[in-house]
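Overview (structure and organization)
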Amino acid sequence: MRSNTYELSLTTQGPTYPPSEVMDPDGNFVVIGRVNRPGPDGSVTSEWGRAIVSPDSPMPPHGENTPYRIVRELPEQLAPADRDMVLHTLPLPLPINNYPMLFAPEQSPQANSLRRPSYPFHEVPIPDFRPEDGRRVTEPVTLGQWVQAQGWLEVALTDNGRAAEFRFEFSGLVPDSMYTVMSLRENDLAPAPVGPSRPGPLGVPNVFMADAGGKGNYRATLPNPFPAKGAPGPKRIVNVVLLWMSYQQNYGGAIGFFGLGGDIHAQLKLQTPSFHEFVTTAG
């Protein structure tokens, strides 16, 4: 197969820990993604859903899941109070974080030791910002606004199967704000000894600006993103994630300094590992 098209799913979640990359004003996780619940016979189910989750939820070892402590369910048809909910970053250090990776080891090797509070998205302290510079995101970002996001991706093999082009179209985004696109490879979320490995940008630079109407597009071509199983070199790309950047910065070859709700916030992605239909080769 030479090309395929995908619809991205709304989310607030990267991996299942922390449970979300978005918090409410009370410090609870706003989860749109895989919700860990008690299953039969002591098992854990992890199915796509929506819930407000307590920061006092237990944290299992990386690669495992335990049931979240659910404050309340979050219906798909949001009540007015939920639509008006002001979204916040996660504090540092990240709560319920069992992902043992530095996201920018060359730029910010001390990121895991920093302490910062949770901020409303529109009040994040952008480094070196001066009021006269003209901040673009000045109004609260609400859950009702967040859930309007939609995205579509077309993947096409190029260069005789040695590369692939990724083309995205987005609507309903936070207007006049910076987004980036990241890739997830096979071992990025895997437990030791196979993983985890550091996720990376989908192209460098991997940034675009949503326009005043919340629309945006992005394009990147990557060499050999879907090697055959067992091939030497980097692993296959299995997912892509749209990230809203609360500090409105791009980090070159890293996706963020703090990651996972500290300064990157997943808004759209594919629900399951994908792109199995593609195989590329090294140049």
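Residues numbered from 1 in each chain as written. Predicted model: local features only at pLDDT ≥ 70, side-chain atom pairs only at ≥ 80, totals over all residues. Heavy atoms only, no water.

A look at the sheet that holds strand E5 (residues 70–73)
Operational definition: Whether two strands pair comes down to DSSP finding at least two bridges between them. In this description a helix means any DSSP run of H or I spanning at least four residues, a strand means any run of E spanning at least two, and both kinds are numbered starting from the N terminus. Axis definition: a line fit to C-alpha positions, over the contact stretch in the case of helices; interaxial angles, taken between N-to-C directions, run 0 to 180 degrees.
The strand order across the open sheet formed by 3 strands is E3-E4-E5, and the pairing between neighbours is antiparallel. Where the open sheet ends on each side, the last strands, each with one partner, are strand E3 (29–38) and E5. Pairwise comparison of adjacent strand axes, ignoring direction, gives a mean angle of 60° for this sheet. Across 10 bridges, the pairing between E3 and strand E4 (residues 44–53) is antiparallel. Looking at E4, one finds that Arg37 is bridged to Thr45.

Digging into the pairing of E4
Here E3 hands over to E4 after 5 residues, with Asp41 in that stretch at a positive phi of 60°. Two elements, E4 and E5, share 3 bridges in a ladder whose sense is antiparallel. Considered in E5, the bridge of Ala51 is made with Glu73.

Overview of the pattern of salt bridges
Side-chain pairs of opposite charge can arise where the charged atoms are in close proximity. We apply this condition: We define a salt bridge as a side-chain nitrogen of Lys or Arg found within 4 Å of a carboxyl oxygen belonging to Asp or Glu. Relative accessibility under 20% of the residue-type maximum defines a buried residue, over 50% an exposed one, and the middle range a partly exposed one, all with a 1.4 Å probe and only protein chains included.
As enumerated under the stated definition, the model contains 8 salt bridges in all. A salt bridge links Glu73 to Arg37; the shortest N-O distance between them is 2.8 Å. Placement of Glu73 in strand E5 and of Arg37 in strand E3 is noted, with a sequence separation of 36 residues between them. According to the relative accessible area criterion, Arg37 is partly exposed, its value standing at 26%. Note that Arg167 is salt-bridged to Glu165, the shortest N-O span being 3.0 Å. Exposure remark for Glu165: the relative accessible area of 17% places this residue in the buried category. Here the residues in one salt-bridge network are Arg130, Glu132 and Asp133, joined through shared partners.

Quick notes on the side chain of Asn98
The condition is simple: Think of a polar contact as two N or O atoms within 3.5 Å of one another; within protein, one of them needs to be a possible hydrogen donor and the other a possible acceptor, and neighboring residues in sequence only count if both atoms come from side chains. Two residues qualify as a contact provided that any one of their heavy atoms is within 4.5 Å of a heavy atom in the partner residue.
On the secondary structure map, Asn98 appears in the loop between helix H1 (80–83) and helix H2 (143–146). When its relative accessible area of 13% is taken as the criterion, Asn98 is described as buried. Among the polar contacts listed, one links the side chain of Asn98 to the backbone oxygen of Pro60, at a separation of 2.9 Å. Apart from residues lying up to four places away in sequence, Asn98 is in contact with Tyr17, Met59, Pro60, Pro61 and His62.

Description of the environment of Ala254
Turning to its location among the elements, Ala254 is positioned in the loop between strand E12 (237–245) and strand E13 (264–269). Sequence-wise, Ala254 and Ser43 are 211 residues apart; in three dimensions their C-alpha atoms are separated by 36 Å. Residues in contact with Ala254, not counting those within four places in the same chain, are Phe103, Ala104, Gln107, Arg198 and Pro201.

Some points on the layout of surface pockets
Quick reminder of the rule: Cavities and pockets are defined on a 1 Å grid built over the protein atoms alone: a cavity is a set of grid points where a 1.4 Å probe fits but cannot escape, while a pocket is an open set with protein on both sides within 12 Å along at least five of seven lines, and lining residues are those with an atom within 4 Å of any such point. Grid points are joined across faces, edges and corners, and a volume is the space filled by probe spheres set on the points. Any residue outside Ala, Val, Leu, Ile, Met, Phe, Trp, Tyr, Cys, Pro, Asp, Glu, Lys and Arg is labelled polar, Gly included; the first ten of those are nonpolar and the last four are charged.
Reported here for the largest pocket is a volume of approximately 670 Å³. Lining the largest pocket are 36 residues, with Gly14, Pro15, Thr16, Leu184 and Leu189 positioned closest to its centre. Breaking the lining of the largest pocket down by element, the ones donating at least two residues are strand E8 (178–185), E12 and E13. Counting residues per element, the lining of the largest pocket draws most heavily on E12, at 4 residues. Residue composition of the lining of the largest pocket, grouped by class: 19 nonpolar, 10 polar and 7 charged.

Examining unusual backbone geometry
Each neighbour pair has its own omega, and for Leu92 with Pro93 the value is -5°, a cis peptide bond. Tracing the backbone through its elements, the reader meets Pro93 in the loop between H1 and H2. With an omega of 5°, the peptide bond between Ala192 and Pro193 qualifies as cis. With respect to the secondary-structure elements, Pro193 resides in the loop between E8 and strand E9 (200–201). At Asp159, a residue that is not glycine, the phi angle is positive and equals roughly 50°.

Such coordinate-based values are descriptive only and should not be taken to indicate function.
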